[in-house]
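A closer look at the structure
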Amino acid sequence: MSADADTQGWVGVRLLRKEDRRHLLGASTFTADVRVPGLLEVAFVRSQFAHGRLGAVAKPDGARVFSAEDFPHLKPIDGGPELPSFRAAPYHAFARDKVHFVGQIVAACLAPTRAQAEDLADQVGVEVDALPAVVDTVEALAPGAAILHDGFPDNAFIHATVTEGDIAAVAAAAPVALRRTFRMNRQATVSLEGRGVLAYWDHRLDELVVTLSTQGAHVMRIGLAMALGLPEHKLHLIAPDVGGGFGGKNRLMPEEVAVCALALKTGRPVRWIEDRREHLMASVHCREHHYDITLYATREGRLLGLKGEVHIDAGAYSLWPSGPFMEASMAARNLPGPYQMQALHVETHTVATSKAPMGPYRGVARPGACFAIERAVDELAHAIGMEPAEVRRINLVGPHQMPYRTIGGMQLDSGDYPQALERVREMVDLAALRRRQQAGEDDGRRIGVGFAVYTEQSGHGAAEWTKRKSRIVPGYESATARMLPDGTLLLLVGIQNHGQGLETSLAQIAAQELSLDPHAISVRYGDTALTPFGFGTFASRSIVFSGGAVARATRALADKARRIGAHLLQADVADTRLADGAVHGPNGKVSLAEIARAANVRQEFLPAGMPPLLDETATYEPEESGGFFSYGAHAAVVAVDPETGVTTTLDYAIAEDCGTMINPMIVDGQIIGGVAQGIGTALYEEIPYDADGQPLATTFGDYMVPCAPELPALRIHHLVTPAHGTEYGVKGMGEGGAIAPPAAIANAVSDALRDFGARIWETPLTPRRVSDAVAAACGDRSEDAV
Amino acid sequence: MTAITLTLNGDRVREEVEPRDILADLLRDRLRLTGTHLGCEHGACGACTVTLDGLPVRSCIVLAVMCDGRTVETIEGTRADATMDVIRRHFHEQHALQCGFCTPGMLIAARDIIARHTRPDEATVRRELSGQVCRCTGYMGIVAAIRAAAAELHPAPGADLRTPDLSTS
Ligand code: FES
Ligand code: FES
């Protein structure tokens, strides 16, 4: 924090959001709200087969229906790490030769309305010579499985091993070895606004203007330029209001390339607005991890090591830029969680199947890893007759051990993990719950309590992303702070606010540094022609990186303002300070408005030789770029009906630490929203596929998102350990809420059904899965009895 | 094409529509009232909620021809509605929106819930919101905002007008 900033400050204030007003008036502008004259709508013809050779595409109207043959020069858009062992399969915006999942784009139809375009699409004939689908993640690698991509020796994009310590020695000596399998099933990201893109050639500017719903316009420009073969200065990307993303709008997708190509080919404005069916079928899918892990421990509950195999179902293709590879390495490296152990050995397989390609979703990989380790810890506790929370307590990294490098290679920087656990234990009153369980419920339901502890790597920069062999390295952010002649401020940033309240938090940081009222500050983003380059909003990075860049840019601006102010006050700079929107000297003050006027339009008032303007651009990356770890403990209390398998969440407590909070209200909002999505993963959300590779959840009738009645009122406790090495001590926290709920809820359900011995190993815990688990356990027992 | 006449946000509007056109497309694409959002287009998310003759409906599953001779109000029509201003203020104060995509539909639903229940308890608000999806907020702020707005709009005799305490520890 600048020594000169007024200490009363804006950082840490529950400032109400600047972005609310337009939404509350119904006056916001999402991509689908943008109109240009002469617009044509796209309806895509999508593959109905999960795997097959593509034959002729019969077009009822050659002038309005387009397929791969119309775009021979489009470049494929597959991505992935820059590793020789990573196998790439070309992903074309329009399928060529083969189709690899239901929903893949085969053709595009253009008409003045979407309904007319869909009428046209209904008349397009697509010949497909069907081939066997590959659906099961683990069986996809079994000998004899159909090979999906030509030239692949098996159906893996990559196999990799994460290993540290001597697992063989640990395994040989460990008194307890507990082997379990876990599965987190496939889901979609389900932003309420689907994807959308509108493109037209602007003749005045001589550029393709592309309005799209994305988390990072600058990076998407790189990908689109590459796919279209256009130089980047001929591409102008605008992301207006974006109705949620959660990771799902952070990959270059075929629809975006196709719409741009159609606009270029026809010379007409063209748009496509994703409908919910397309979203569930063909937007990025996520999760779908399979774990087979063995946990080694002492009989007293000390963890010794973990060995296992992780399968990640990446779907048919590897999305640009980074593909699905990170999912596997992050899952493996996060498997030890925040626990101390001596050895880790994990084989990972990133598997290609006949399903929609995988992308990131809030928490990326960690909800699965947290689910696997935390479920295994509970199983261990039951096996050795200990209270699960107690097993956690004795294995957690302690505050005096910080910084601590986990056996997975994660450098936990600071915090008090055991205290977070202790807090949620108190919040749900574990002892009272155990008594309640003893007493039983009148209605026949079973009560269970489950805990989970998580870490959330945030604000990781160049070191981490180069380690991951990422072809785009989001190691910094940039910001321009521009003071206008009347002393109001424009902040131009490279991130993309899409619900995170960044118009408010970033304004608070600028307000802090400049002692300005946030109302005098406008934050602008989402336009490649307007803002300096930036990577966008994902990976819990914006407050660390963009917040840091804003702090630096505004601090530089404040320094210059003070020098001008000192000159106007005829004082020494060292004797001035910035407070209440003015530079104060020993004999008076001069307002920022007067200083800004001098800097912009009255240069005769500037010190001799000082260049005009108050306009500073800064970049920011933390010195330590391995990341800053937010963390927390969650405790869930559930009631389960063993007959119907229906789970009700009765109570949910969170103790978390994300360092300094710029705006605690926004932090709470992020936590609550993340936990709601995590509960969705735990109990409701799933896209199953049948044996032919047909997706079975393509409407909100089959795909359940949590609604208000299913969710409890959450209780949150904050621990605050400011990070060393970020501006103000912030840590990123946008994803953390979504990481622990599947683990905490599954542990609670397992705890509730402990008397039955029901095996709880797979999310979502739908009523059918739970009642089947109870039935299976009862069946086992009656067999035992025979 | 069929000619229809409706009262939309207080104005008489005459339009030619196809029998298959839905109300939401008429509002958004033809009449440029884009505050009504489409989150699913199959009646399951509530983002497109407007009122038809004063009752909330999902404009994605109401045919435009069904609105002939009737009265439709969209979020744009509520800008001068004092009740809605109170609800809006509480949505703002309770951080009841993040991306804002669900917000117009939520507001229309909220006004209806408050009109029918006067001072609903938390369970009632949650149950009544079951058809409105918000993917961002986890609903806590929305529930709190509706309860706070209801308390302000329908004060109980001698009631404490402070907003419900959301502090968590
Ligand atoms: S868009 Fe109408 S209910 Fe979802
Ligand atoms: S605020 Fe984003 S869907 Fe509700």
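It should be emphasised that the depicted structure is a prediction, and the values quoted were computed from it without experimental measurement. (Residues numbered from 1 in each chain as written. Chains lettered and ligands numbered in written order. Predicted model: local features only at pLDDT ≥ 70, side-chain atom pairs only at ≥ 80, totals over all residues. Heavy atoms only, no water.)

**Comments concerning the overall build of chain B**
Put simply, the rule is: Helical segments are the DSSP runs of H or I of at least four residues, strand segments are the runs of E of at least two, and each set is numbered from the N terminus. In this treatment the radius of gyration is a C-alpha quantity, and the globule benchmark scales as 2.2 Å times the residue count to the 0.38 power. Between two residues, a contact is recorded if the distance between any of their heavy atoms is within 4.5 Å. Here the Shrake-Rupley method, with its probe set to 1.4 Å, supplies the accessible areas, and only the displayed protein chains count as covering residues. Only four residue types enter the tally: Lys and Arg on the positive side, Asp and Glu on the negative side; His and the chain ends are excluded. For this purpose, a charge sits on NZ of Lys, CZ of Arg, CG of Asp or CD of Glu.
Scanning chain B from terminus to terminus reveals five helices and five strands. On C-alpha atoms alone, chain B measures out to a radius of gyration of 17 Å, which is about the 15 Å that the 2.2 N^0.38 rule sets for 169 residues. For the C-alpha atoms alone, the extent of chain B along its principal axes is close to 60 × 30 × 20 Å. A sequence separation of at least 24 residues applies to 55% of the contacts in chain B between residues at least 6 apart. For chain B, the computed accessible surface area is about 6,700 Å², with 49% contributed by carbon and sulfur atoms. Taking the 19 positively charged and 22 negatively charged side chains of chain B as two groups, their mean positions are separated by 2 Å.

**Looking at the interface of chain B and chain A**
What counts is decided by this rule: Computed with a 1.4 Å rolling probe, the buried area is the accessible surface lost when two parts are put together, summed over both parts. By convention in these notes, a salt bridge is any Lys or Arg side-chain nitrogen within 4 Å of a carboxyl oxygen on Asp or Glu. Here a polar contact is recorded for every N or O atom pair within 3.5 Å, except that within protein the pair must consist of a potential hydrogen donor and a potential acceptor, and residues adjacent in sequence are included only if both atoms are side-chain atoms.
Contacts between chain B and chain A engage 46 residues on the former and 57 residues on the latter. Area buried by chain B at its contact with chain A is led by His92(B), His95(B) and Arg135(B), which between them contribute 19% of it. Our enumeration of links across chain B and chain A arrives at five salt bridges. Among the salt bridges present, the one from Asp119(A) reaches Arg20(B), with a minimum N-O distance of 2.8 Å. For the interface between chain B and chain A, the tally reads 23 residue pairs in polar contact (both at pLDDT 80 or more). Contributions of two or more residues to the side of chain B that touches chain A are made by helix 1 (23–30), helix 2 (82–93), helix 3 (103–117) and helix 4 (122–128) of chain B. The dominant element in the side of chain B that touches chain A, judged by the number of residues it contributes, is helix 2 of chain B, at four residues.

**Considerations on the sheet that holds strand 4 (residues 98–99) of chain A**
Residues and elements named next belong to chain A. Heads up, the condition is: Two strands are said to pair when DSSP picks up at least two bridges between them.
Ordered by their spatial adjacency, three strands build an open sheet running 4-2-6, and the pairing between neighbours is antiparallel. Since the sheet does not close on itself, it has two edges, and those belong to strand 4 and strand 6 (125–130), each with one partner. In this sheet, strand 4 lies alongside strand 2 (residues 52–58) in antiparallel orientation, the contact comprising two bridges. Pairing of Gly52 across the sheet is with Val99, part of strand 4.

**What about the UniProt feature "domain: Aldehyde oxidase/xanthine dehydrogenase a/b hammerhead" (unreviewed entry) in chain A?**
To keep it simple, the criterion reads: UniProt positions are given in the numbering used here, feature names are shortened, and annotations may be inferred rather than shown by experiment.
The UniProt record marks residues 25–132 of chain A with the feature "domain: Aldehyde oxidase/xanthine dehydrogenase a/b hammerhead" (unreviewed entry), using the residue numbering of this structure. A distance of 51 Å separates the end C-alpha atoms of residues 25–132 of chain A, which is 8% helix and 30% strand.

**Describing the nonpolar core**
Let me state the cut-off plainly: Nonpolar cores are built from buried Ala, Val, Leu, Ile, Met, Phe, Trp, Tyr and Cys residues. Side-chain atoms within 4.5 Å join them into one set. Buried residues are those whose accessible area, probed at 1.4 Å on protein chains only, stays under 20% of the maximum for their type, while exposed residues exceed 50% and partly exposed ones sit between those limits.
In terms of nonpolar packing, the biggest core is built from 209 residues, with Val210(A), Leu228(A), Leu335(A), Phe91(B) and Tyr139(B) touching the most fellow members. Apart from the residues lying within four places of it in its own chain, the contact partners of Leu228(A) are Leu74(A), Leu208(A), Leu235(A), Val257(A), Cys260(A), Ala261(A) and Leu264(A). Within the second largest apolar cluster, 49 residues are counted, among which are Trp10(A), Ala520(A), Ile543(A) and Ala549(A).

**What to know about the packing of helix 3 of chain B against helix 5 (residues 140–153) of chain B**
Residues and elements named next belong to chain B. Counted only if it meets this: All axes here are fitted lines through C-alpha atoms, helices being fitted over the stretch that makes contact, and every angle between N-to-C directions spans 0 to 180 degrees. Between 65 and 115 degrees an angle is taken as roughly perpendicular, under 35 as roughly parallel, over 145 as roughly antiparallel, and anywhere else as oblique. By convention, the crossing between two helices is left-handed when the near helix turns anticlockwise from the far helix through less than a right angle, and right-handed when the turn is clockwise.
Closest axis-to-axis distance for the helix 3/helix 5 pair is 10 Å, and the angle between their directions is 45°. Considering their axes alone, helix 3 and helix 5 lie oblique with respect to each other. As helix 3 runs across helix 5, the sense of the crossing is right-handed. Across the interface between the two elements, Met106, Ala110, Ile113 and Ile114 from helix 3 touch Ile142, Ile146, Ala149, Ala150 and Leu153 from helix 5.

**What about the side chain of His289(A)?**
All names here are of chain A. Position of His289 among the secondary structure elements: in strand 13 (residues 285–297). Residue His289 is classed as buried on the basis of its relative accessible area of 2%. Of note is the side chain of His289, whose polar atom sits 2.7 Å from the side chain of Glu327. Here His289 is in contact with Phe182, Arg183, Met184, His311, Ile312, Glu327, Ala331, Ala365 and Gly368, once residues within four sequence places are set aside.

**Comments concerning unusual backbone geometry**
All names here are of chain A. Residue Pro321 is reached from Trp320 by a cis peptide bond, and omega for that bond is 5°. Mapping Pro321 onto the fold places it in the loop between strand 14 (303–315) and helix 7 (325–334). Notably, Asp429 is not glycine yet its phi reads approximately 55°, a positive angle. A residue is classified by how much of its surface remains accessible, and Asp429, at 38% relative accessible area, is partly exposed.

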